[in-house]
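For reference, the chains in residue letters:
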Amino acid sequence: MYKSKITYFLFALTLILVLSWTTISKLPNALTCQQSNVVQATGSERHYTHPDKVIVEPWRGEHHVYAIFMIPGGYLNDKFFTVTIKGAGTFCGVFNFAGTTVADGVYAKPGHYLMKALFKTRIAVGLIAQGKKDELKDPRNWRVGYTKIEEKR
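Residues numbered from 1 in each chain as written. Predicted model: local features only at pLDDT ≥ 70, side-chain atom pairs only at ≥ 80, totals over all residues. Heavy atoms only, no water.

Caption draft 1: Inspection of the overall build of the protein chain at higher detail. Each helix and strand counted, the protein chain has 3 helices and 10 strands in total. If you list the helices and strands of the protein chain from N to C, you get α-β-β-β-β-β-β-β-β-β-α-α-β. Residues counted as buried form 35% of the 153 residues belonging to the protein chain. Taking all contacts inside the protein chain whose residues are at least 6 apart in sequence as the whole, residues at least 24 apart take part in 68%. With the model as given, the accessible surface of the protein chain reaches about 10100 Å², and the carbon-plus-sulfur share is 59%. (Helix = DSSP H or I, 4+ residues; strand = E, 2+ residues; numbered from the N terminus. Buried < 20%, exposed > 50% of the residue type's maximum accessible area, 1.4 Å probe, protein only. Contact = heavy atoms within 4.5 Å. Areas by Shrake-Rupley, 256 points an atom, 1.4 Å probe, with all protein chains shown as cover.)

Caption draft 2: Broad picture of the pairing of strand β9 (residues 112-118). The buried count for β9 comes to 6 of 7 residues, which makes it a mostly enclosed element. Two strands pair when backbone bridges link them, and strand β3 (residues 65-72) and β9 are joined in this way by 7 bridges, in the antiparallel orientation. In the strand pairing of β9, Pro72 is matched with His112. Across 2 bridges, strand β6 (residues 89-95) lies against β9 in antiparallel orientation. From the neighbouring strand, Val94 faces β9, where its bridge partner is Leu118. (Pairing = 2+ DSSP bridges.)

Caption draft 3: A look at the environment of Val54. Mapped onto the fold, Val54 is located in strand β2 (residues 53-56). Considering only alpha carbons, one finds Val54 and Tyr66, 12 residues apart in sequence, at a separation of 5.9 Å. Here Val54 is in contact with Tyr66, Ala67, Leu136, Lys137, Pro139 and Trp142, once residues within four sequence places are set aside.

Caption draft 4: Representation of the pattern of salt bridges. According to the stated counting rule, one finds 4 salt bridges in the structure shown. Put simply, Glu57 and Arg60 hold a salt bridge, and the shortest N to O gap is 2.7 Å. Close ionic contact of Lys132 with Glu135 constitutes a salt bridge, the shortest N to O distance being 3.9 Å. (Salt bridge = Lys/Arg side-chain N within 4 Å of Asp/Glu carboxyl O.)

Caption draft 5: View of the nonpolar core. Judged by nonpolar contacts, the single largest core of 22 residues is most densely connected at Phe69, Phe81, Phe119, Leu136 and Trp142. Top contributing element to this core by residue count: β3, with 4 residues. Dropping the residues within four chain positions of it, Phe81 is found in contact with Phe69, Phe91, Cys92, Gly93, Val94, Phe95, Ala117, Leu118, Phe119, Trp142, Arg143 and Val144. By size, the runner-up hydrophobic cluster in this structure holds 9 residues, among which are Ile55, Ala103, Val106 and Leu114. (Core = buried A, V, L, I, M, F, W, Y, C linked by side-chain atoms within 4.5 Å.)

Quick look at the structure:
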């Protein structure tokens, strides 16, 4: 009697996990990029930078997979960033806050500002499950474009 209850419980738990994973994996990923430039250049020369710091701690909950980018003053960033992981594709994300001079132990150089780029926790967990944590932590895989702010004449 006791063994059959455990068997039913384990079966139900397994079924719930499989159905949950199937449902979550079918959710549309609004932040998957089809192209590397999210915002088209405005005619000015386009520059790209990688983050000064990358944090990958999804076990701490939402908003614990992010990067800190340093952008020169007088330049406007794309408002989106990309993360390219070989074998998984290119993912986009949005910035959490407007420019600041200090964020998570990173200090902006004079004439620069910092932007915190939030990466979707659900996608990060999936990439880690695929064995791509080191690639996710690599700043060279994160990138944001920026261009000079054009002065109105």
